[in-house]
Protein chains: 2
Amino acid sequence: MDLELARQLSVTNQSKILLLVMDGLGGLPHPETGRTELETAQTPNLDALAAQSACGFTLPVALGVTPGSGPGHLALFGYDPLKYNIGRGALEAAGIDFDLQPQDVAARGNFCTVDGKGLVTDRRAGRITSERCGELCAELRQIALEGVEVFVEPLREHRFVFVLRPDGRASARGDGLPAGRRGLSDAVADTDPQQVGAEPAGPQATAPEGEATARLVALFVEEARRILADAGPANMLLLRGFARRPDWPSMSEVFKLRPAAVAHYPMYRGLARLVGMEALPAGPGIEDSIATVKENRGRFDYFFVHYKYTDTAGEDADFERKVEKLEEVDAAIPSLAALKPDVLMVTGDHSTPAVQAVHSWHPVPFLMRAPWTRADSCDAFNEVALEKGSLGTFPAVEALPLAMAHAGRLTKYGA
Amino acid sequence: MDLELARQLSVTNQSKILLLVMDGLGGLPHPETGRTELETAQTPNLDALAAQSACGFTLPVALGVTPGSGPGHLALFGYDPLKYNIGRGALEAAGIDFDLQPQDVAARGNFCTVDGKGLVTDRRAGRITSERCGELCAELRQIALEGVEVFVEPLREHRFVFVLRPDGRASARGDGLPAGRRGLSDAVADTDPQQVGAEPAGPQATAPEGEATARLVALFVEEARRILADAGPANMLLLRGFARRPDWPSMSEVFKLRPAAVAHYPMYRGLARLVGMEALPAGPGIEDSIATVKENRGRFDYFFVHYKYTDTAGEDADFERKVEKLEEVDAAIPSLAALKPDVLMVTGDHSTPAVQAVHSWHPVPFLMRAPWTRADSCDAFNEVALEKGSLGTFPAVEALPLAMAHAGRLTKYGA
């Protein structure tokens, strides 16, 4: 459903919708047992829920398309990820509560290690500590560039966010960015070569309007190289995903919901904020998130609860740990159900099969328990049993409209 | 996936993708046995392959839409057939290696038989020999029209291709096509009434820009009627599918594949050339095609192998022969699998149920064997067993992106 139609059909009522996202949920069979992570895990509570639910698979973007975290979540929030796309820089900035302005350009940065010839030997600089990252960011923040403010904000370990902002005073005087190039542009290619043994790329404009910005980035990188020369393993940096802040309609405008995100990892809170959710921090465990929902139940009518560790285990190729994490979530399902949401959805933002150890394109297990769901013969929550679900494989972007319907929040279309 | 996204996500690697198209593959139950052609045929090799594959049905164009050969194949090549449509004339020209130019207009022709009143009594002129067709085409090629060159190129039996090309010299002098109508147009309706007992239609423009061309075609048809008057059964001609050469991005540009078509029938090679495949001729049997793939394995990473006779049998309403042809292909599956493509797809361009004796709109059996396919419970290759496949019924245009994903040739979408 496009957002215009959603805006037209949505109404408010007293119902509560809860979406539990197990990151990287979907899997593939273990070569020895022939069973997927979900088939291997003991999940009596999810299975019982599946038996009471409409079941199927969500397709995050399109057949064969492996989603990043942004597209996978945006689809579940009801935003077509092919239309509402966000660059990595803006996503990371949102994830640390950095107040990205409309004229800013942000990029994701990595400290890295280069050898004597300038070739990358470690894209993550040996995963320096977050503390060390903070020190280095403080140094780089001192770099002065004409006409712009420079922000270098630490994330975890070797990661940071790099932001350029047009200098207000300079702009007011009219001597900010070079004449004829009125603002910053995100038309700048990654400097990250995405492999070791290669040299970091010089910042290149991907379109004429990016040329001034690319030159400023190049000046920053050269100055940073000088500053970092003796900084041990973190002797260089890589930038990728230059992006502006997206300007999207909010879930409250479009779906008339009061939405909240409950997530431990900042990036998922940042993502949720981009569609207008209030971001509620929570502890790392699923029980922490459930407690946060419980405390805030009265203020919101849509909760997005994010659970990260299924994806982490999958990316680490740790089949057993992914199974354990699934069982950990399963154990919390009774507390979640005790919150009595009118519509409860359990799914993932994408698949991360432990045998592949990366995000994949496979459709993602989905269940929805709600009034008026039509009977189906799926009675377990795994990739094989869900084939018997009544929902089949459907676009993830349709999950929210479907939940809205079951919550009595969508009116009739047409006379 | 639209081609722009495909262009953005596609990468190269060493993998091989093989698509086997059994033309007109899908069928319907025989009224006596209740079993379809595929259910009737003994296909142990395809069944074993299905058991190892992700299975389902492709939808070539849309629910209820019966595809011609062009749309059915273009979808499988990853080109949305509702967007990338080709007229019959251009398709037939491509199929005989005719070097159709951007300013040309081509149509498919049939020699036919008309009675004394000018009514069509046989749309195929008793299927005259290809030799006789060649003689008649040579005579018609002598027809002179002001400002254009005329080409009449024989196909098999009663079929030919008719092409008008703006006369270069005339254009240079400025006295070519009538003033104000700078070029030829394909906005000309078929003259083929598609039934016996009717008169061939006079060439009519379907839009104002087609008027000059329609007049030229009318002059050609009148002259041809005079020339053919005493040519026995082939005493008239019918034209259909006026079309220009399409100008589409190639599979190598979009999908970064080195693609080859292996087909006995020229039309399928022509179709494949329109999307930039190199066309490799092969003998009529499936084993001939497999030998051609084997010889050329090193030069390409995508092979489209076309097998015609399942469709021919279906169109002839010959249920038993279609069953035999399916068994013939099944017997060759081990040699095909021995080529060890990383991704092997077996499907059809459309259904041609022998009980209907024409192309139909029914979704088409599909299997894909590849690394990372998710387990499904389909263990035989027929219309009933495939209902248990994990892919369900999906757009045929998504088959290539799905294969690309399984071949590791699509990168992640979004941050």
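Report follows, based on the coordinates.

Conventions we followed
- Residues numbered from 1 in each chain as written.
- Chains lettered and ligands numbered in written order.
- Predicted model: local features only at pLDDT ≥ 70, side-chain atom pairs only at ≥ 80, totals over all residues.
- Heavy atoms only, no water.
- Pairing = 2+ DSSP bridges.
- Helix = DSSP H or I, 4+ residues; strand = E, 2+ residues; numbered from the N terminus.
- Axes fitted to C-alpha atoms, helices over the stretch in contact; angles between N-to-C directions.
- Contact = heavy atoms within 4.5 Å.
- Core = buried A, V, L, I, M, F, W, Y, C linked by side-chain atoms within 4.5 Å.
- Buried < 20%, exposed > 50% of the residue type's maximum accessible area, 1.4 Å probe, protein only.
- Parallel < 35°, antiparallel > 145°, perpendicular 65-115°, else oblique.
- Left-handed = near helix turned anticlockwise from the far one by under 90°.
- Nonpolar A, V, L, I, M, F, W, Y, C, P; charged D, E, K, R; others polar.
- Least-squares fit on C-alpha atoms with pLDDT ≥ 70 in both.
- Expected span 1.5 Å × (residues − 1).
- Bend = angle between axes of the 7 residues up to and from the residue.
- Phe/Tyr/Trp six-rings, centres within 6.5 Å; stacked < 30°, edge-to-face > 60°.

1. Comments concerning the sheet that holds strand β13 (residues 392–395) of chain A
Residues and elements named next belong to chain A.
So, point 1. Spatial strand order, β9-β8-β10-β1-β11-β12-β2-β13: 8 strands in an open sheet with mixed pairing. Both edges of this open sheet fall to β9 (278–281) and β13, since each of them pairs with a single strand only. Averaged over neighbouring strand pairs, the angle between their axes works out to 25° when direction is ignored.
So, point 2. Across 4 bridges, strand β8 (residues 259–263) lies against β9 in parallel orientation. When the sheet's bridge partners are listed, Ala 263 is paired in β9 with Pro 281.
So, point 3. Packed onto the sheet, helix α3 (residues 44–51) meets β1 (17–22), β2 (54–59), β11 (343–347) and β12 (364–369) and runs at close to 65° relative to β12.

2. A few points about the nonpolar core
So, point 1. Counting 65 residues, the largest nonpolar core has Phe 77, Met 251, Phe 255, Tyr 302 and Phe 304 of chain B as the members making the most contacts within it.
So, point 2. In terms of residues, this core owes the most to one element, helix α14 (residues 399–406) of chain B, which gives 6 residues.
So, point 3. Those residues in contact with Phe 77 of chain B that lie beyond four places of it in its chain are Leu 19, Met 251, Phe 255, Leu 271, Ala 272, Val 275, Met 277, Tyr 302, Phe 304 and Leu 400 of chain B.
So, point 4. Judged by nonpolar contacts, the second largest core, of 54 residues, contains Leu 76, Val 254, Leu 271 and Val 343 of chain A.

3. Quick look at the packing of helix α11 (residues 286–295) of chain A against helix α13 (residues 319–338) of chain A
All names here are of chain A.
So, point 1. Interaxial distance between α11 and α13 falls to 9 Å at its minimum, and their mutual angle equals 20°. Viewed along their axes, α11 and α13 adopt a mutual orientation that is roughly parallel. Between α11 and α13 lies a crossing whose hand is right-handed. For the pair α11 and α13, contact is made by Ile 286, Glu 287 and Ile 290 and by Glu 328, Val 329, Ala 332, Ser 335 and Leu 336, respectively.
So, point 2. The residue inventory of the contact of α11 with α13, partitioned by class, reads 5 nonpolar, 1 polar and 2 charged.

4. Observations regarding the relation of the copies chain B and chain A
So, point 1. Under the fitted operation, chain B is carried onto chain A by 0.3 Å of movement along the axis and a turn of 124°, and the coordinates agree to an RMSD of 0.3 Å. Expressed as a symmetry operation, the mapping of one chain copy onto the other fits a three-fold axis. It is Gly 392 of chain B whose C-alpha, among those of chain B, lies nearest the rotation axis, at 4.4 Å.

5. Observations regarding unusual backbone geometry
All names here are of chain B.
So, point 1. Positive phi values are uncommon outside glycine, yet Asp 97 reaches one of about 65°.
So, point 2. Along the chain, the position of Asp 97 falls in the loop between α5 (88–95) and β3 (105–114).
So, point 3. One non-glycine residue, Ala 357, lies in the positive phi region at around 65°.
So, point 4. Residue placement: Ala 357 occurs in the loop between β11 (343–347) and β12 (364–369).
So, point 5. Accessibility expressed as a relative area gives 25% for Ala 357, which makes it partly exposed.

6. Focus on α13 of chain A
Residues and elements named next belong to chain A.
So, point 1. Taking 1.5 Å per residue as the helical rise, α13 with its 20 residues ought to reach 28 Å, and the 30 Å between its terminal C-alpha atoms agrees with that figure.
So, point 2. Along its length, α13 reaches its greatest deviation from straightness, about 40°, at Ala 332, and the proline Pro 334 lies no more than four positions downstream.
So, point 3. Lys 340 sits one or two residues past α13 and shows a positive phi near 50°.

7. Side note on the packing of aromatic side chains
So, point 1. Enumeration over the complete set of coordinates arrives at 24 aromatic pairs over all chains.
So, point 2. Ring geometry for Tyr 84 of chain A and Trp 248 of chain A: centres 5.6 Å apart, planes at 85°, overall edge-to-face. Of this pair, Tyr 84 of chain A sits in the loop between α4 (69–76) and α5 (88–95) while Trp 248 of chain A sits in the loop between β7 (236–243) and α9 (251–255), and the two are 164 residues apart along the sequence. Summarising the burial analysis for this pair, Tyr 84 of chain A and Trp 248 of chain A share the class buried.
So, point 3. The interplanar angle of 65° and the centroid separation of 4.9 Å between the aromatic rings of Phe 77 of chain B and Phe 304 of chain B together place this pair among those described as edge-to-face. Separated by 227 residues along the polypeptide, Phe 77 of chain B in the loop between α4 (69–76) and α5 and Phe 304 of chain B in strand β10 (residues 302–307) bring together distant segments of the chain. The two residues Phe 77 of chain B and Phe 304 of chain B agree in class, both being buried.

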